[in-house]
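Descriptive analysis of the structure
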Amino acid sequence: MNHNLLEFDMALGRQKPETIVHTDHYCPFCDRENLENIIDSDGSILLVRNKYNVLKGTDQFVLIEGDACHSDMPEYTTEHMRKLIHFGVHHWRQLLHCGKYQEVLFFKNFGPLSGGTIRHPHMQLIALPKLTNAITVHPEEFEGPVIYAQNDVSMTVSDQPRIGFWEFNLIVRKLTDQSLDTLADYLQIATDYLTHHFHKHCNSYNIFFYHRDKTIYAKLMPRFATPPIFVGYSIRVRPTNYETIAEEFHNLYGK
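The following paragraphs examine the structure supplied in this document. These numbers were taken from a predicted model, which means no experiment stands behind them.

**Describing the packing of helix 2 (residues 78-96) against helix 3 (residues 177-198)**
Helix-helix packing is described using two parameters, namely the angle between the two axes and the distance between the axes. Here helix 2 crosses helix 3 at 115 degrees, and the two axes come no closer than 9 Å. Regarding helix 2 and helix 3, the two cross each other, and that crossing is right-handed. Within the contact between the two elements, helix 2 uses T78, M81, R82, I85, H86 and V89 and helix 3 uses D177, L180, D181, L183, A184, D185, L187 and Q188. Grouping the constituent residues of the contact of helix 2 with helix 3 by class yields seven nonpolar, three polar and four charged.

Written out as structure tokens, the structure is:
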């Protein structure tokens, strides 16, 4: 069986800056006067071509979320958060529909267990001209008890998780300015929950975006050590109390 496989340029990768563990190291996203290859901006939000294009055969981009290095989505104003999501989805869809790429990955790493290297809040876009197989997205991985629903957007907790344990999902069934505002609001609530209320040892998460059949999906995963039975055997695990999470959200953020 042929799998999707990308080559990681180790020589270039060794040159990448790192500020998650070594917080006193130089942050290239703070040094805005020397940023190169800026593609677009909206206030403090920037889209730049990734200086360290470590995945061979791809085009990599970085969406810098703002100019505050030690902030994150829960601390943004509602206006800034909504502007960020509109900006990110716009450029993601432009890349998807430009005709050059078979797939465009849009995701966010936050924290030491997320796979990221820079603390400054940012998202990434990786444009893939060719894949061996299409990216597999199963709608049932986004289904489960509904936490919130409004403006053609719903937030759920997975009853069929993609990997295991807690996974929160956002489903945008109709793309409008209002639905993107709601997507931004729900992302802000979910990231606040993960980093402030979910688990005292949770300091990392990922957000993954998918676009299928005119529907946008987003999956939020708190990151801990990956369950070994998933790593070794692809067996997924679901917590016994996953159905009670909606009540906790409602108590914290209202209905």
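**Quick word on the packing of helix 3 against helix 5 (residues 245-253)**
Remark: helix 3 packs on helix 5, axes separated minimally by 12 Å, with the N-to-C direction vectors making an angle of 95 degrees. What the angle tells us is that helix 3 and helix 5 run roughly perpendicular. Across from I189, A190, D192, Y193 and H197 in helix 3, the residues of helix 5 making contact are I245, E248, F249, L252 and Y253. Considering only residue class, the contact of helix 3 with helix 5 consists of seven nonpolar, one polar and two charged.

**A short note on the side chain of D72**
Along the chain, D72 falls in the loop between strand 3 (59-64) and helix 2. The exposure class assigned to D72 is buried, which follows from its relative accessible area of 2%. A distance of 3.0 Å separates a polar atom in the side chain of D72 from a polar atom in the side chain of K108. Leave out the neighbours within four places in its chain, and D72 touches E65, K108, F110, P121 and Y205.

**Some thoughts on empty space enclosed by the protein**
What the rule picks out here adds up to one cavity of 30 Å³ or more. The computed volume of the largest cavity comes to approximately 40 Å³. Sorting elements by how many residues they give to the lining of the largest cavity places strand 4 (residues 103-110) first, with three residues.

Procedures and definitions
Residues numbered from 1 in each chain as written. Predicted model: local features only at pLDDT ≥ 70, side-chain atom pairs only at ≥ 80, totals over all residues. Heavy atoms only, no water. Axes fitted to C-alpha atoms, helices over the stretch in contact; angles between N-to-C directions. Helix = DSSP H or I, 4+ residues; strand = E, 2+ residues; numbered from the N terminus. Left-handed = near helix turned anticlockwise from the far one by under 90°. Contact = heavy atoms within 4.5 Å. Nonpolar A, V, L, I, M, F, W, Y, C, P; charged D, E, K, R; others polar. Parallel < 35°, antiparallel > 145°, perpendicular 65-115°, else oblique. Buried < 20%, exposed > 50% of the residue type's maximum accessible area, 1.4 Å probe, protein only. Polar contact = N/O pair within 3.5 Å; in protein donor to acceptor, adjacent residues only side chain to side chain. 1 Å grid on protein atoms, 1.4 Å probe; cavity = no way out; pocket = protein on both sides within 12 Å on 5 of 7 lines; lining within 4 Å. Points joined across faces, edges and corners; volume = space filled by probe spheres on them.

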